[in-house]
Amino acid sequence: MTGPHGPERPTPGPPATGPVEEGDVLELDQSASSAAYDPVPARRAGAAGPGRFWSARRIPAAVLALLVLGGAGLLLYDVAAVRAGHPAMRWRRSLADQLAERPLQSAWLLGAAAAAVAIGLWLLVLAATPGLRALLPMRRDRPGVRAALDRSAAALVLRDRAVEVSGVQSVRVRMGRGRAVVRAVSHFRELDDVRADLDTVLGTGIRELGLARPPSLSVHVRRPAKKG
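Note that this is a predicted model, so its numbers are computed, not measured. (Residues numbered from 1 in each chain as written. Predicted model: local features only at pLDDT ≥ 70, side-chain atom pairs only at ≥ 80, totals over all residues. Heavy atoms only, no water.)

Draft legend 1. Spatial organisation of the nonpolar core. Counting residues in hydrophobic clusters, the biggest one holds 23 residues, and the most contacted among them are Met175, Leu198 and Leu202. Elements that contribute at least two residues to this core include exactly α5 (151-162), β6 (168-175), β7 (179-186), α6 (191-208) and β8 (216-222). Apart from residues lying up to four places away in sequence, Leu202 is in contact with Leu158, Arg161, Ala162, Val182, Leu217 and Val219. (Core = buried A, V, L, I, M, F, W, Y, C linked by side-chain atoms within 4.5 Å. Buried < 20%, exposed > 50% of the residue type's maximum accessible area, 1.4 Å probe, protein only. Helix = DSSP H or I, 4+ residues; strand = E, 2+ residues; numbered from the N terminus. Contact = heavy atoms within 4.5 Å.)

Draft legend 2. A look at α5. For α5, with 12 residues, the first-to-last C-alpha span of 16 Å sits near the 16 Å given by 1.5 Å per residue. For α5, the set of buried residues is Ala154, Ala155, Leu158 and Ala162. Seen end-on, α5 carries its buried residues on one side only, within an arc spanning 100°. In this structure, the buried side of α5 is in contact with β4 (135-137), β5 (148-150), β6, β7 and α6. (Expected span 1.5 Å × (residues − 1). Arc of directions from axis to C-beta.)

Draft legend 3. Region of interest: a nonpolar patch on the surface. Together, Leu74, Leu75, Val79, Trp91, Leu95, Leu99 and Trp108 line one region of the surface with nonpolar side chains, adding up to about 630 Å² of accessible area. Elements supplying a minimum of two residues to the nonpolar patch: α2 (58-83) and α3 (90-101). Tracing the chain through its elements places Leu99 in helix α3. Taking relative accessible area as the criterion, Leu99 reaches 47% and is therefore assigned partly exposed. (Patch = residues over 30% accessible without salt bridge, like charges linked within 9 Å, V, L, I, M, F, W, Y side chains within 5 Å. Areas by Shrake-Rupley, 256 points an atom, 1.4 Å probe, with all protein chains shown as cover. Salt bridge = Lys/Arg side-chain N within 4 Å of Asp/Glu carboxyl O.)

Draft legend 4. Seen up close, a positive patch on the surface. Where like charges cluster on the molecular surface, the positive patch consists of Arg172, Arg174, Arg179, Arg183 and Arg222. Looking at the positive patch, the elements that each hand over two or more residues are β6 and β7. Summarising the element assignment, Arg179 is placed in strand β7. (Lys, Arg positive; Asp, Glu negative; His and termini not counted. Charge placed at Lys NZ, Arg CZ, Asp CG, Glu CD.)

Draft legend 5. Fine view of the pairing of β8. Counting buried residues in β8 gives five out of seven residues, a clear majority hidden from the surface. As defined by bridge partners, β7 adjoins β8 across seven bridges and the pair is classed as parallel. Bridge pairing in β8 places Ala184 opposite Val221. (Pairing = 2+ DSSP bridges.)

Draft legend 6. Expanded view of the environment of Leu135. If you trace the backbone, Leu135 turns up in strand β4. Put simply, Leu135 and Ala154 are 19 residues apart on the chain and 9.8 Å apart in space, counted from C-alpha to C-alpha. Setting aside chain neighbours within four positions, we find Leu135 in contact with Ala148, Leu149 and Asp150.

Draft legend 7. Seen up close, the pairing of β6. Bridge analysis of β6 against β7 gives seven bridges, and the strand direction is antiparallel. Opposite Val171, over in β7, you have Ala184 as the bridge partner. As consecutive antiparallel partners, β6 and β7 are separated by three residues.

Written as structure tokens, this is what we have:
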């Protein structure tokens, strides 16, 4: 379309929105201190991945089994001794007397009951949760094969990638199950440029880890503290 001053330029409209593909460039939040985004479209779609690894919990199970076995054996021996005409053990007679004399509002009884409830809840939590929070499940590319990556190892991989970015002086990476928080110190270059490079490099690094549920990424870049 032409006008009195020549061809008219088209008015730019709002940017097109749609699903973000793996190779697309994500628009970053150019704030003063951080830029955060979710680099994994599959998380938004609610795709389910392999479950977490379950801990065998051999030590808690062995301790509980030994305590139950020792207590049951001692009680069974005392009951058999009483049935045979021998007096009950002193600890059982003392415990029976204490329970008969003390009221239910006694601090000793309430404390013992609270401890028993806490131990029971702890055992229920152990039985209902998988544990092994330090292991991040990886994608199952082959049936029958499961693998996991330690969170500290994943954080070390991301840190090694981050220190290769120009302008980065030091990096700290905290790798969680749902988010990787990166805090970098830049001693030259613009902070927005350093942050954009870190977003690109670390987003690619997270995808290349091969995790079943890749965490979202949060990057914070600041200047080093002034001395004196």
